[in-house]
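Report on the structure
Each chain, written out:
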Amino acid sequence: MASPSPASSSAAGDDRPASPFAALPPPPPPPPPSSRRLPPPCWSHDETLALINAYRDKWYSLNRGNLRAHHWDSVASSVSHDCPSSCAAPKTSVQCRHKVEKLRKRYRTEKQRSLSSWLYFRKMDAMERGAASTPPASRGISVNGRAAAAAEAAASESGLRFTIPKAVRSKVAGFRPGPKDALKPGLEEMRRRVEEKRRRIKRERERKDDDGAGDLAAALGVLGDGFLRMEQMKMEMSREVEKMRMEMELKRTEMILDCQRQIAEAMVQRFTGK
């Protein structure tokens, strides 16, 4: 009887089931993370101007308050509406907000310089310095009230920042001229007060002029005395200096004469000795 082969015996003895994952290949390694960032959106000149205008209008309508998400959506819609021919994709609200933040940051930097050549500096400066639009005056305002409002508006345009008090504005707006006979007593009283005030100012001015003349004379006297004392001190110093110079000149002359005398005596002694 033939004996079983070793291969058959080993196959028969290994009854363990094969693993289903033994034949699967290993998973591929994950791709390395990309360090490239998306480039910022490109803003054209027209889009930037439209953004500044849209943001300014919305900011003024909120009394310079913070814009919320729906406000930024409205700003983005205005930019897309004002620049429909742009070849790039429409700007989103997030892009508009980031662009405005960059513009305001650049404006603060340029404002510190004495002279700015930035293209949008005047536009941003006008937006930052401008005021929100105010509702128009009512039709029932009087002529004087309109004049006060016009003066205030002209002062704002010229750079002068002041406002007319409400109490004065209400008095001016509520003034209604009456008949001339009713105004005569008030005009006479006003004229009399003006004349009295004018005479009082004139008397005070004359008194101040007299006092000022006396003070001026006293000040001139003190100044003259000081100047005279200074001139006397200068003259005394000049005399002292001249005296010292003459003494030194005399000493120098004496030394020269003494030296010449000694030389002459030495020469005479030498010739006499020969």
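Residues numbered from 1 in each chain as written. Predicted model: local features only at pLDDT ≥ 70, side-chain atom pairs only at ≥ 80, totals over all residues. Heavy atoms only, no water.

An unreviewed UniProt entry lists the chain under the name Myb/SANT-like DNA-binding domain-containing protein, from Platanthera guangdongensis.

Judged by nonpolar contacts, the single largest core of 21 residues is most densely connected at Leu51 and Met124. Secondary-structure elements contributing two or more residues to this core are helix 2 (45–61), helix 3 (69–82), helix 4 (93–111) and helix 5 (121–129). Examining the composition of this core, we find that 6 residues originate from one element, helix 2, more than from any other. For Leu51, the residues in contact, after removing those within four places along its chain, are Trp43, Val75, Val79, Cys96, Lys99, Val100 and Leu103. (Core = buried A, V, L, I, M, F, W, Y, C linked by side-chain atoms within 4.5 Å. Buried < 20%, exposed > 50% of the residue type's maximum accessible area, 1.4 Å probe, protein only. Helix = DSSP H or I, 4+ residues; strand = E, 2+ residues; numbered from the N terminus. Contact = heavy atoms within 4.5 Å.)

This part takes up the packing of helix 3 against helix 4. Two numbers describe how helix 3 lies on helix 4: the axes approach to 8 Å, and their chain directions differ by 90°. One element, helix 3, and the other, helix 4, form an angle in the roughly perpendicular class. Every residue of helix 4 that contacts helix 3 at Trp72, Asp73, Val75 and Ala76 is listed here: Ser93, Cys96, Arg97 and Val100. Partitioned by chemical class, the residues of the contact of helix 3 with helix 4 number 5 nonpolar, 1 polar and 2 charged. (Axes fitted to C-alpha atoms, helices over the stretch in contact; angles between N-to-C directions. Parallel < 35°, antiparallel > 145°, perpendicular 65-115°, else oblique. Nonpolar A, V, L, I, M, F, W, Y, C, P; charged D, E, K, R; others polar.)

Together, Leu216, Leu220 and Leu223 make up a nonpolar patch on the protein surface, roughly 320 Å² of accessible area in all. Here Leu220 lies in helix 8 (residues 180–273). (Patch = residues over 30% accessible without salt bridge, like charges linked within 9 Å, V, L, I, M, F, W, Y side chains within 5 Å. Areas by Shrake-Rupley, 256 points an atom, 1.4 Å probe, with all protein chains shown as cover. Salt bridge = Lys/Arg side-chain N within 4 Å of Asp/Glu carboxyl O.)

Following the sequence through the fold, Ser74 ends up in helix 3. On the basis of relative accessible area, Ser74 is assigned to the partly exposed category, the value being 27%. On a C-alpha basis, the gap between Ser74 and Lys58 in space is 8.5 Å, while along the polypeptide they are 16 residues apart.

Time to look at unusual backbone geometry. A positive phi angle is found at Asn63, which is not glycine, with a value near 55°. The residue Asn63 is located in the loop between helix 2 and helix 3 in this model. Phi is positive for Arg64, close to 60°, though the residue is something other than glycine. Here Arg64 is to be found in the loop between helix 2 and helix 3.

Given a rise of 1.5 Å per residue, 14 residues ought to cover 20 Å, and the 20 Å separating the end C-alpha atoms of helix 3 matches this to within 8%. Every buried residue belonging to helix 3 is among His71, Trp72, Val75, Ala76 and Val79, and all of these are buried. Considered in projection along helix 3, the buried side chains sweep an arc of 140° and stay on one side of the axis. The outward face of helix 3, more than 90 degrees from its buried face, is lined by the exposed residues His70 and His81. For helix 3, the elements touching its buried residues are helix 2 and helix 4. (Expected span 1.5 Å × (residues − 1). Arc of directions from axis to C-beta.)

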